[in-house]
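Per-entry structural report
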Amino acid sequence: MPIREGFIKPELYPFGKTLYLCPMLSIQTFTFNAFSENTYVVSDETHEAVIIDPGCYSREEQKELDSFIEEKGLKVKLILNTHCHIDHVLGNNFVKEKYKAPLLLHKIEEAQLRAVKNYAPVYGFDGYREAEADQFIDEKDVIAFGNTKWKILFLPGHSPGHVGFYDEKEKVIFSGDVLFEHSIGRTDLPGGNFDTLIRSIHQNLFTLPDDVVVCCGHGPSTTIGEEKISNPFCALSLLR
Ligand SMILES: [Zn+2]
Ligand SMILES: [Zn+2]
């Protein structure tokens, strides 16, 4: 599966890990916390930006994120959670306070978000501070910042209120822990369901064009076409 022109696989581009999919959209990937979670800062030519799944926890991680945003002169307009497992929300409070931007997530994920403070100390994150959601979103809404407009795809299975953020024009989707390069999200956590996850992938992701780049919640980016032909967990026979 040829990678679309202009797309650089992050692992082939070790310094800075910036993906320029086209002149209109700049995507910066940070890998944060003990779960190696991918936090994305996405901006367009207006310098307005969104932060997807802020996983920064340590001072160093917070500083790394903030230095980038300051250096690039970005104006953070929205904070988005694909879902609310601990690794994706550890930095919610920090970025909300720092950039005074609203936190958006699906209503069904609120229970997952509320649960994090109870189990954070078990994972050693004693300093976790909860941030309230400011707005609930679903498929009827549009994510808008700068000149950019994203669709919201409902992708339950890994987590019950999991969503993906899809830029139809730039052909990129931020789909959290639903689909990984040659793998899929786990379904053994509360609210997870294997059949639901496989259905989300086949009905809502594999129906996108093959050259759509998938920016994953963990690991390298991939494409819809690549996963359709090579993902061992997504055989059609698994669609019940
Ligand atoms: Zn997760
Ligand atoms: Zn995760």
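Notes on the structure in this doc start here. (Residues numbered from 1 in each chain as written. Chains lettered and ligands numbered in written order. Predicted model: local features only at pLDDT ≥ 70, side-chain atom pairs only at ≥ 80, totals over all residues. Heavy atoms only, no water.)

**A short note on the layout of surface pockets**
For the largest pocket, the calculated volume is near 330 Å³. H85, Y119, Y123, R186 and L189 are, among the 15 residues lining the largest pocket, the residues nearest its centre. If you list the elements that add at least two residues to the lining of the largest pocket, you get α2 (86–89) and α4 (110–119). Counted by class, the lining of the largest pocket contains 7 nonpolar, 5 polar and 3 charged residues. (1 Å grid on protein atoms, 1.4 Å probe; cavity = no way out; pocket = protein on both sides within 12 Å on 5 of 7 lines; lining within 4 Å. Points joined across faces, edges and corners; volume = space filled by probe spheres on them. Helix = DSSP H or I, 4+ residues; strand = E, 2+ residues; numbered from the N terminus. Nonpolar A, V, L, I, M, F, W, Y, C, P; charged D, E, K, R; others polar.)

**Examining the sheet that holds strand β10 (residues 163–167)**
Sheet strands associate in pairs through backbone hydrogen bonding, adopting either a parallel or an antiparallel arrangement. Sheet architecture is open: 6 strands sit in the order β8-β9-β10-β11-β14-β15, paired in mixed fashion. Two strands close off the open sheet at either side, each with one partner strand: β8 (142–145) and β15 (222–223). In terms of strand pairing, β8 meets strand β9 (residues 148–154) through 4 bridges, oriented antiparallel. The residue of β9 that forms the bridge with F145 is T148. (Pairing = 2+ DSSP bridges.)

**Looking at the side chain of H158**
Structurally, H158 is set in the loop between β9 and β10. Judged by relative accessible area, which is 3%, H158 ranks as buried. Within the structure, the side chain of H158 is placed 2.8 Å from the backbone oxygen of R186, a separation counted as a polar contact. Ignoring anything within four residues of it in the chain, the contact list for H158 reads H83, H85, D177, G185, R186, L189, G192 and L197. (Buried < 20%, exposed > 50% of the residue type's maximum accessible area, 1.4 Å probe, protein only. Polar contact = N/O pair within 3.5 Å; in protein donor to acceptor, adjacent residues only side chain to side chain. Contact = heavy atoms within 4.5 Å.)

**Overview of the coordination of the zinc ion (ligand 1)**
Protein coordination at the zinc ion (ligand 1): the donors are H83 (NE2), H85 (ND1), H158 (NE2) and D177 (OD), at 2.1 to 2.4 Å from the metal. Its 4 donor atoms give the zinc ion (ligand 1) angles of 87 to 174° at the centre, a pattern that matches the irregular case. Between consecutive donor residues of the zinc ion (ligand 1), the sequence gaps follow H-x1-H-x72-H-x18-D. Taken as an interatomic distance, the gap from the zinc ion (ligand 1) to the zinc ion (ligand 2) is 3.4 Å; D177 donates to each of them. (Donors = N, O, S within 2.8 Å, 3.2 Å for Na, K, Ca; no water. Tetrahedral: all angles 85-135°; square planar, octahedral: opposite > 155°, others 65-115°.)

**With respect to the nonpolar core**
Soluble globular proteins: nonpolar side chains tend toward being buried together. Ranked by size, the top nonpolar core spans 28 residues in total, and within it V41, I51, L65, I69, V95 and Y128 carry the most contacts. The set of elements that each furnish at least two residues to this core consists of β2 (25–32), β4 (48–52), α1 (59–71), β5 (75–80), α2, α3 (92–99), β6 (103–105) and α4. Non-local contacts of I51, meaning those with residues more than four positions away in its chain, are made with T39, Y40, V41, L65, I69, V76, L78, I79, L80, V95 and Y99. One finds I27, V50, W150 and I152 within the second-largest nonpolar core, a separate group that totals 20 residues. (Core = buried A, V, L, I, M, F, W, Y, C linked by side-chain atoms within 4.5 Å.)

**Description of the pairing of β5**
When a strand is regular, its side chains alternate between the sheet's two faces. Relative to β5, β4 runs parallel, the two being bridged by 5 bridges. By the bridge assignment for β5, I52 is matched with L80. Note on the crossover from β4 through α1 to β5: the handedness is right-handed. One ladder, built from 2 bridges, connects β5 with β6; its direction is parallel. Bridge pairing in β6 links L80 to L104. (Right-handed = clockwise from strand over helix to strand, strands pointing away.)

**A closer look at a nonpolar patch on the surface**
A surface patch of nonpolar side chains, amounting to about 320 Å² of accessible area, comprises F35, V122 and Y123. Tracing the sequence through the fold places F35 in the loop between β2 and β3 (37–44). (Patch = residues over 30% accessible without salt bridge, like charges linked within 9 Å, V, L, I, M, F, W, Y side chains within 5 Å. Areas by Shrake-Rupley, 256 points an atom, 1.4 Å probe, with all protein chains shown as cover. Salt bridge = Lys/Arg side-chain N within 4 Å of Asp/Glu carboxyl O.)

**What about the pattern of salt bridges?**
In this structure the tally under the stated criterion is 13 salt bridges. Between K151 and E168 there is a salt bridge whose closest N-O contact spans 3.2 Å. Within this pair, whereas K151 is found in strand β9, its partner E168 is found in the loop between β10 and β11 (172–174), the two being separated by 17 residues in sequence. Overall, the relative accessible area of 41% leaves K151 in the partly exposed class. By relative accessible area, which is 46% here, E168 ends up partly exposed. Put simply, D211 and K171 hold a salt bridge, and the shortest N to O gap is 3.1 Å. Pair noted here: D211 is in the loop between α5 (194–205) and β14 (213–215) and K171 is in the loop between β10 and β11, with a separation of 40 residues, a long-range link. With a relative accessible area of 26%, K171 lands in the partly exposed category. Connected through shared salt-bridge partners, K107, E110, R114, K117, E130 and E132 make up one network.

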